[in-house]
Amino acid sequence: MARHDDNVVWHDHPVTRTAREQQHGHQGVVLWFTGLSGSGKSTVAGALEQALHRIGVSTYLLDGDNVRHGLCRDLGFSDDDRKENIRRVGEVAKLMVDAGLVVLTAFISPHRAERQMVRDLLEPGQFIEVFVDTPLAVCEARDPKGLYRKARAGELRNFTGIDSVYEAPESPEIQLDGEQLVTKLAAQLLDLLRDRDIIRS
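Here is what the cut-offs are and how they apply
- Residues numbered from 1 in each chain as written.
- Predicted model: local features only at pLDDT ≥ 70, side-chain atom pairs only at ≥ 80, totals over all residues.
- Heavy atoms only, no water.
- Helix = DSSP H or I, 4+ residues; strand = E, 2+ residues; numbered from the N terminus.
- Buried < 20%, exposed > 50% of the residue type's maximum accessible area, 1.4 Å probe, protein only.
- Contact = heavy atoms within 4.5 Å.
- Areas by Shrake-Rupley, 256 points an atom, 1.4 Å probe, with all protein chains shown as cover.
- Lys, Arg positive; Asp, Glu negative; His and termini not counted.
- Charge placed at Lys NZ, Arg CZ, Asp CG, Glu CD.
- Phe/Tyr/Trp six-rings, centres within 6.5 Å; stacked < 30°, edge-to-face > 60°.
- Arc of directions from axis to C-beta.
- Pairing = 2+ DSSP bridges.
- Axes fitted to C-alpha atoms, helices over the stretch in contact; angles between N-to-C directions.

J.: Just to check I follow, could you spell out the overall build of the chain for this structure?
T.: Within the chain, the regular secondary structure consists of eight helices and five strands. Starting at the N terminus and ending at the C terminus, the chain contains elements arranged as α-β-α-β-α-α-β-α-β-α-α-β-α. When its C-alpha atoms are laid out on the principal axes, the chain stretches across 55 × 45 × 30 Å. Out of the 201 residues belonging to the chain, those deemed buried represent 43%. Of the contacts made within the chain by residues no fewer than 6 positions apart, 75% connect residues no fewer than 24 positions apart. When the accessible area of the chain is evaluated, it comes to approximately 11300 Å², of which 49% is carbon and sulfur surface. Taken together, the 25 basic and 31 acidic charged side chains of the chain have centroids lying 3 Å from each other.

J.: Is there a simple way to think about the packing of aromatic side chains in this case?
T.: Remark: the centre distance and the inter-plane angle together describe each pair of aromatic rings, the angle taken between the planes. Tallying each qualifying case throughout the model produces four aromatic pairs. Both rings, one in Y148 and one in F159, keep their centres 4.9 Å apart while their planes meet at 85°; by these two values the pair is edge-to-face. Within this pair, whereas Y148 is found in helix α7 (residues 147-152), its partner F159 is found in the loop between α7 and β5 (174-177), the two being separated by 11 residues in sequence. Three or more aromatic residues link up through ring pairs in this structure, and these residues are W32, F107 and F127.

J.: Looking at this structure, how should I read helix α5 (residues 112-121)?
T.: An α-helix turns once per 3.6 residues; consequently, residues spaced three or four apart project the same way. For α5, the full list of buried residues reads E114, R115 and V118. Down the axis of α5, the buried side of the element spans an arc of 100°, and every buried residue falls inside it. Seen from the open side of α5, the exposed residues pointing more than 90 degrees away from its buried face are A113 and D120.

J.: Explain the sheet that holds strand β3 (residues 102-106) here, please?
T.: Through backbone hydrogen bonds, the strands of a sheet pair up, either in parallel or in antiparallel fashion. Taken in spatial order, the five strands of this open sheet run β2-β3-β1-β4-β5, and their pairing is parallel. At either end of the open sheet lies a strand with only one pairing partner, and these are β2 (59-63) and β5. Taken over all neighbouring pairs, the strand axes of this sheet differ in orientation by 20° on average, direction set aside. Taken together, the five bridges between β2 and β3 define a ladder with parallel strand orientation. Bridge assignment links T59 to a residue of β3, and that residue is V102.

In structure tokens form, the structure reads like this:
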């Protein structure tokens with residue numbers, strides 16, 4: 001674990017998060033989508049981002065596969081590497097919130113402790129846990145990447161939901177029925193953001 005050097009000092013800058021939020025016209029926040037592979041996390045997050053973009057909200061979507069092409073390309077899928085993957089994404093999301101963006105993240109993030117680690121990086125109210133609750137049988141039937149088939153055949157080890165545990169959120173800010181229409185789920189999330197006065201459109 002890397003340690004902070006005493007010579008590394010945090011610098012506050014004249015343009016603050018509040019100023020950036022005022023410029024954007026909305027608050028910065030992280031919507032952390034969690035659920036099994038095939039639950040619909042990325043699909044719902046993408047639909048929500050499109051809806052937000054249409055009403056002028058500044059967003060960024062961090063996707064589990066995409067970050068492994070660059071930011072986390074050096075990491076594998078051991079427990080330690082998965083934890084580091086989530087830590088890095090959490091730190092990036094924190095910077096984006098400071099930039100005043102609505103950040104959407106789509107990661108299985110199977111362990112409660114790791115999701116809590118990201119929540120703890122942020123100020124109260126800046127982390128919204130979105131549990132896309134889809135039964136394993138439905139996720140396996142969808143199997144968009146063929147990963148369940150490989151896991152069942154023994155070609156893919158430590159696959160979440162098959163031979164690796166998924167710890168469902170105990171008290172997420174919102175729990176979505178992953179078998180519902182994506183448009184309905186995106187609308188529920190828009191309502192949540194408006195109810196919390198994060199967006200006003």
